[in-house]
Amino acid sequence: MVGAGAAGLYAALVAAGTGARVALISRSPLAQTASYWAQGGIAAALAADDSVERHLDDTLAAGRAMAHASAARVLCEESPGRVGDLQELGVSFDADRGGDLALGLEGGHSRRRVVHAGGAATGRRITRDLSALAATDERIDVLEPLAASSLATHNGRCVGLIARPRRGDPVGVLARAVVLATGGMAALWERSTNPRGAIGAGLSLAHGAGADLADLEFMQFHPTAVRHDGPRDGFLITEAVRGEGATLVNAAGERFVDELAPRDQVALAIEAELERSGERAVGLDVRGVEMDRFPNIAAVLEEVGIDPRRDLVPVAPAAHYTMGGVAADLDGRSSVPGLYAVGESACSGLHGANRLASNSLA
Ligand code: SIN
């Protein structure tokens, strides 16, 4: 397993649970994976007024006629069960006052269907809990920090990989199967919500081994990343904040877009507004939102000197999610036997040209 974000950890635990021995190779500490920073939750049709078909329709609509319906159906059908699996593994999702799972609303969703953990800290909680399980699973050897530098192939089959520690000689790992869970490449863009390591390393490895890549022309931009002259530039303000009533306003203080449209539409509307006005940011008005529910966002806003009870938050789109990746079937198989891809590094066609919010952790 290459990569220790949510997809890699979960796949490692599932493989170990079926009896496999797993070497989990991680280049960076947990806090540098994109999953760790994921603020969105997991989209799952759990509400009484929701259904798999509705979730599917919303996923296909956001995908702009490019999504594979068969792949999207798998996600929409299985997501509620996977939320249950994560609960059984010990992940605790936020509950409403009645003790049921609290369901949030995000762009492009026609129903409330996003479960969160710790407000906007879902990725952090999931990766923390799954890492603890992986670290103590005797069938999983965690090898870190170790960066996979090439895949080994023999007679057209992937048989392992070469990896480099920070210091010292490269090591070889032989394996019956290699799973890439290396995330995307949004950090190649000037402004990105992703950690710096998200440069498409897994896509390069797969390409070097002869695997097909797909849909690389589609990059998703998140509409509301903080605009700041400093290290917090690109910090994500989750769509869930707009789901709770935050609005977007231009320099004249006027709303200019449906804040809960799919995120490609919202990002394009902001970009058009910035081009028209010559400004660097539009304002996200969170003054009507209980920001205590999003403590990690409130903490960062305080750090950069923005008082969400008083100030508009300056935001602009930033590269967020790689729609394309290693071409993979519904079991994660790439075009090279023995090589698999999961999570953001894989392209099953599920998301089409534009991913629906919170379908990534799902
Ligand atoms: C967000 O919370 O707005 C981002 C979640 C996602 O990328 O789906």
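Relevant structure appears above.
Reference entry: report on the structure contained in this document. None of the values given here were measured: they were computed from a predicted structure.

Here we take up the overall build of the protein. Summing up its helical and strand segments, the protein has 9 helices and 16 strands in all. Over its C-alpha atoms the protein spans a radius of gyration of 20 Å, differing by no more than 12% from the 21 Å that the globule rule assigns to 362 residues. C-alpha atoms of the protein, sized along the principal axes, occupy 65 × 45 × 40 Å. The burial tally for the protein puts 51% of its 362 residues in the buried class. Partitioning the contacts of the protein with sequence separation of at least 6, the portion at a separation of at least 24 is 68%. As displayed, the protein offers around 16200 Å² of accessible surface, 50% of which is attributable to carbon and sulfur atoms.

What the rule picks out here adds up to 24 salt bridges. The residue Arg310 makes a salt bridge to Asp311 at a minimum N-O spacing of 3.0 Å. Given the relative accessible area of 19%, Asp311 is considered buried. Three or more residues are tied together by salt bridges with common partners; here these are Asp50, Asp58 and Arg113.

As a structural note, the neighbourhood of the ligand is formed by Gln39, Gly40, His222, Leu236, Thr238, Glu239, Arg263, His320, Arg355, Ala357, Ser358 and Ser360. Here His222 contributes a side-chain N or O atom positioned 2.7 Å from an oxygen atom of the ligand. Contacts to the ligand include Glu239, whose backbone N or O atom sits 2.8 Å from an oxygen atom. Computed on the free molecule, the ligand has an accessible area of 260 Å², of which 96% lies beneath the protein chains in the complex. Here the shell around the ligand is built from residues that sort into 2 nonpolar, 7 polar and 3 charged.

Either a parallel or an antiparallel arrangement is found when strands of a sheet pair, and the pairing is made through backbone hydrogen bonds. Pairing is mixed across the open sheet formed by 3 strands, whose spatial order is β9-β14-β16. Every other strand in the sheet has two partners, leaving β9 (213-214) and β16 (346-347) as the edge strands with one partner each. Relative to strand β14 (residues 325-327), β9 runs antiparallel, the two sharing 2 bridges. From the neighbouring strand, Ala214 faces β14, where its bridge partner is Gly325. Seen against the sheet, helix α6 (residues 201-208) touches β9 and β14 and runs at an angle of roughly 35 degrees to β14.

Turning to the layout of surface pockets, a few remarks are in order. Estimates place the volume of the second largest pocket at around 300 Å³. Ala102, Leu103, Gly104, Glu244 and Arg293 are the residues nearest the centre of the second largest pocket, which is lined by 15 residues in total. Considered class by class, the residues forming the lining of the second largest pocket number 6 nonpolar, 3 polar and 6 charged.

With that settled, the discussion passes to empty space enclosed by the protein. Under the definition given, this model contains 1 cavity of 30 Å³ or more. Its boundaries defined by the atoms lining it, the largest cavity holds a volume of some 30 Å³. Every residue lining the largest cavity is listed: Asn250, Ala251, Glu273, Leu274, Ser277, Glu279, Ala281 and Val282. It is helix α8 (residues 263-277) that provides the largest number of residues to the lining of the largest cavity, a total of 3 residues. Taken together, the residues that form the lining of the largest cavity break down as 4 nonpolar, 2 polar and 2 charged.

All right, on to the sheet that holds strand β13 (residues 313-322) then. If you trace the 4 strands from one edge of the open sheet to the other, you get β10-β13-β12-β11, paired in antiparallel fashion. The open sheet has two edge strands with one neighbour each: β10 (219-226) and β11 (247-249). Geometrically, the sheet is characterised by an average inter-axis angle of 45 degrees between neighbouring strands, direction not taken into account. In the packing of α8 onto the sheet, the strands contacted are β10, β11, β12 (282-285) and β13, and the crossing angle to β10 comes to about 60 degrees.

With that out of the way, let us pick up the nonpolar core. In this structure, Ile237, Val241 and Ile297 are the most contacted members of the largest nonpolar core, which totals 27 residues. If you list the elements that add at least two residues to this core, you get α7 (239-243), α8, β12, α9 (295-303) and β13. Residues within four places of Ile297 in sequence aside, it is in contact with Gln39, Ala120, Phe235, Leu236, Ile237, Thr238, Val241 and Met291. Among the nonpolar cores identified, the runner-up in size contains 25 residues, and Ala16, Val83, Val91 and Leu103 belong to it.

Where nonpolar side chains cluster on the molecular surface, the patch consists of Leu188, Trp189, Ile199 and Phe221 and spans about 370 Å² of accessible area. On the accessibility criterion, Leu188 (53% relative accessible area) is exposed.

Contact geometry for helix α1 (residues 6-17) and helix α5 (residues 122-136): axes closest at 9 Å, N-to-C directions at 35 degrees. Both α1 and α5 take part in a crossing whose hand is left-handed. Touching Ala6, Leu9, Tyr10 and Leu13 of α1 are Ile126, Thr127, Leu130, Ser131, Leu133 and Ala134, all from α5.

What counts and what doesn't
Residues numbered from 1 in each chain as written. Predicted model: local features only at pLDDT ≥ 70, side-chain atom pairs only at ≥ 80, totals over all residues. Heavy atoms only, no water. Helix = DSSP H or I, 4+ residues; strand = E, 2+ residues; numbered from the N terminus. Rg over C-alpha atoms; globule rule 2.2 N^0.38 Å. Buried < 20%, exposed > 50% of the residue type's maximum accessible area, 1.4 Å probe, protein only. Contact = heavy atoms within 4.5 Å. Areas by Shrake-Rupley, 256 points an atom, 1.4 Å probe, with all protein chains shown as cover. Salt bridge = Lys/Arg side-chain N within 4 Å of Asp/Glu carboxyl O. Near = heavy atom within 4 Å. Polar contact = N/O pair within 3.5 Å; in protein donor to acceptor, adjacent residues only side chain to side chain. Nonpolar A, V, L, I, M, F, W, Y, C, P; charged D, E, K, R; others polar. Pairing = 2+ DSSP bridges. Axes fitted to C-alpha atoms, helices over the stretch in contact; angles between N-to-C directions. 1 Å grid on protein atoms, 1.4 Å probe; cavity = no way out; pocket = protein on both sides within 12 Å on 5 of 7 lines; lining within 4 Å. Points joined across faces, edges and corners; volume = space filled by probe spheres on them. Core = buried A, V, L, I, M, F, W, Y, C linked by side-chain atoms within 4.5 Å. Patch = residues over 30% accessible without salt bridge, like charges linked within 9 Å, V, L, I, M, F, W, Y side chains within 5 Å. Left-handed = near helix turned anticlockwise from the far one by under 90°.

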